[in-house]
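Residue-level structure breakdown
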There are 2 protein chains.
Amino acid sequence: MADILKINFVLRQIREQKGISQDKLSDLAGLDRTYVSLVECGKRNPSLETIDKITRALDVKTWEVLKYIQETDCDKPFLGEASL
Amino acid sequence: MADILKINFVLRQIREQKGISQDKLSDLAGLDRTYVSLVECGKRNPSLETIDKITRALDVKTWEVLKYIQETDCDKPFLGEASL
DNA sequence: TTCGACAACGGACTATAGTCCGTTTGTCTA
DNA sequence: TAGACAAACGGACTATAGTCCGTTGTCGAA
């Protein structure tokens, strides 16, 4: 599994840390309700633009999410205490 | 234009800095010859996985490319002198 | 025990990502 | 002026991203 595909886990983690529902997120991102679910379940391989829509809706930088995936073992949560 | 879509320019810039042809890059990335051309011309919106294939073939980190796009004006080349 | 919020799932659909052929154009060099 | 190379372009195609409907199951609160 290419580590980049772990992004679904991380996006879900961030969303839950922020206490946003998939429904709300899909609104914010301008995406379909069911599609956000598919992405988080790892059943879709979104385009860069779609990833960008989601990260913007989550108010995080796309590159920071990718750095987190590529440079850590994802053993610590993406958002530090301070961000919450 | 969402800034993230500038990635085509940056990918081309990196490829040219490394002196690799589109043909060679498509081989390294396991993508179609014509598709790499379409991406660089901004006529395709690649999936995250495809971006990852290309950046790996170019031997750069995906997150560093995105950071470059999102945090700079792209007025300086992606690769510093030292990398060449 | 119901109601509402949330998320997974399903099918059917449209748009577009990505492939595989070939052709064209520009540039550089022998 | 040919010949080789790199890249843009074209059409036709398959796979999948992304939408839009509804349904199911779970959980916590009223």
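Heads up: these notes are all about the structure in this document. (Residues numbered from 1 in each chain as written. Chains lettered and ligands numbered in written order. Predicted model: local features only at pLDDT ≥ 70, side-chain atom pairs only at ≥ 80, totals over all residues.)

**Some remarks on the relation of the copies chain B and chain A**
Mapping chain B onto chain A is achieved by rotating through 180° and translating by 0.0 Å along the same axis, at an RMSD of 0.0 Å. Taken together, the rotation and translation relating the two chain copies correspond to the operation of a two-fold axis. Among all C-alpha atoms of chain B, that of Ser 47 of chain B lies closest to the rotation axis, at 1.8 Å. Most of the interface of chain B is mirrored in chain A, where 100% of its interface residues are also at the interface. (Least-squares fit on C-alpha atoms with pLDDT ≥ 70 in both. Contact = placed C-beta atoms within 7 Å.)

**Observations concerning the environment of Lys 43 of chain A**
All names here are of chain A. Mapped onto the elements, Lys 43 comes out in the loop between helix 3 (33-40) and helix 4 (48-57). We classify Lys 43 as exposed; it has 10 C-beta atoms within 10 Å. For the pair Lys 43 and Asn 8, spaced 35 residues apart in sequence, the C-alpha to C-alpha distance is 9.0 Å. (Helix = DSSP H or I, 4+ residues; strand = E, 2+ residues; numbered from the N terminus. Buried ≥ 20, exposed ≤ 12 C-beta atoms within 10 Å, placed from the backbone.)

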